[in-house]
Amino acid sequence: MSKDTNRLMGHADEADGIEEYDNPLPDWWLGLFWLCILWAIGYGVHYHFIGNRSQEAEFQAEMAAAAIRWPVQGAEDVVFAMTDEAIQGGEGVYTTYCFVCHGTQLEGGIGQSFLDEVWLHGSAPEDVIRTITEGVPEKGMAPWGSILSAEQINQAAAYVLAKNAEALGIPLEEITQGSGEPEGSEGAHEEGSGEEAGEASGEHSEGGDPGTI
Ligand code: HEC
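The residue numbers shown here count from 1 along each chain, following its written sequence. Residue-level local features of this predicted model are given only where pLDDT is at least 70; pairs of side-chain atoms are given and counted only at 80 or more, and the full residue set underlies all totals for whole chains, interfaces and linings.

### Digging into the overall build of the protein
Under the convention used in this document: A run of H or I in DSSP counts as a helix once it spans at least four residues, and a run of E counts as a strand once it spans at least two, with each numbered from the N terminus. Around each residue's C-beta, the other C-beta atoms within 10 Å are counted; 20 or more make the residue buried, 12 or fewer make it exposed, and counts in between make it partly exposed. All C-beta atoms are placed from the backbone. In this description, any two residues whose backbone-derived C-beta atoms lie within 7 Å of each other are considered to be in contact.
Scanning the protein from N- to C-terminus turns up 7 helices and 0 strands. Ordered by position from N to C terminus, the α and β elements of the protein give α-α-α-α-α-α-α. Burial statistics for the protein: of 213 residues in total, 27% are counted as buried. Across the protein, contacts joining residues at least 24 apart in sequence account for 67% of those joining residues at least 6 apart.

### Description of helix 4 (residues 125-134)
Most of helix 4 sits inside the fold, with 9 of its 10 residues counted as buried. Taken together, the buried positions of helix 4 are occupied by Pro125, Glu126, Asp127, Val128, Ile129, Arg130, Thr131, Ile132 and Thr133. Of the residues flanking the end of helix 4, it is Gly135, one or two places downstream, whose phi is positive at about 70 degrees.

### Here's the deal with the nonpolar core
The condition is simple: As used throughout, a nonpolar core is a set of buried Ala, Val, Leu, Ile, Met, Phe, Trp, Tyr and Cys residues joined through C-beta atoms within 7 Å of each other.
Met82, Ile129, Ile153, Ala156, Ala157, Ala158 and Leu161 are the most contacted members of the largest nonpolar core, which totals 26 residues. Among the secondary structure elements, those contributing two or more residues to this core are helix 3 (84-102), helix 4 and helix 5 (150-168). No other element matches helix 5, which puts 9 residues into this core. Those residues in contact with Leu161, other than ones at most four positions away along the chain, are Met82, Pro125, Val128 and Ile175.

### Here we look at unusual backbone geometry
Despite not being glycine, Asn52 has its phi angle at roughly 50 degrees, a positive value. Considering the arrangement of structural elements, one finds Asn52 in the loop between helix 1 (27-50) and helix 2 (55-69). Phi angles above zero are rare outside glycine, and Leu106 is one such case at about 65 degrees. Tracing the backbone shows Leu106 in the loop between helix 3 and helix 4.

### Notes on helix 1
For clarity, the cut-off: Between the first and last residue of a helix there are one fewer steps than residues, each counted as 1.5 Å, and that sum is the expected span.
A rise of 1.5 Å per residue sets the reference length of helix 1, with its 24 residues, at 34 Å; its end C-alpha atoms lie 32 Å apart and thus fit the reference within 8%. Among the 24 residues of helix 1, 0 are classified as buried, and the element is accordingly described as predominantly exposed. Following helix 1 by one or two positions, Asn52 has its phi on the positive side, about 50 degrees.

### Some details on the confidence of the model for the protein
Any residue range with low pLDDT should be treated as having predicted coordinates unsuitable for detailed reading. For clarity, the cut-off: Residue-level confidence of the predictor is what pLDDT reports, using numbers from 0 through 100.
Summary statistics for the protein give a mean pLDDT of 82 and a share of 81% for residues scoring 70 or more. Every residue in residues 179-213 is under pLDDT 50, and counting partners more than four places away or in other chains gives 61 contacts.

So this is what it looks like as structure tokens:
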């Protein structure tokens, strides 16, 4: 197919004598152009209607996958165990996540000090576990249940309580008693054995401890 490539547009009068050719686009270029348009229509139809994909659906799917991959801990998923391993593990959790607000020596800062007898949200293990899990978002304390595992939450609670007992000169056993069921909750626990902690927190949810304000 031959094309006329020498037709002038007749712009010379308006454009200081500069002329312009009216050259048609090359066939290969036009072909690609139409192909792109056809492909875009096909892709759009497939994306929205056949594949039924959308950013929102992808977001929901990713969130659902994340909820399975990183389950949100409830306070009832955490079994309190005041063991040496838990306290040691808790030091790691504390120095990673908590020290920025509660101080490297637990002396407090943005968050509470853990070296005195003042507890705004209760000093019984189940209270502390609940505070850590659910946080106090309006005061800047994050709900760690969505960030830490049940085991890590127990470790953090054990560490904070052990350090508190040490600072106040209280024997550790007294704290362990606060949970109501110290035995049967030793060692590192994975999720899945939450009934004990649930019971314990039910029994002692309010005013069970002299330190509770
Ligand atoms: C961004 C700052 C911040 C971080 C990080 C933080 N906290 Fe807190 N935390 C606070 C604040 C602020 C409060 C006080 C809430 C209030 O005034 O009611 C608090 C309160 C607490 C309490 C309750 C104290 C009481 O008096 O009853 C506990 C327990 C606690 N945090 C544990 C932790 C643990 C464990 C971590 C790490 C996993 C942690 N916090 C990380 C800011 C933080």
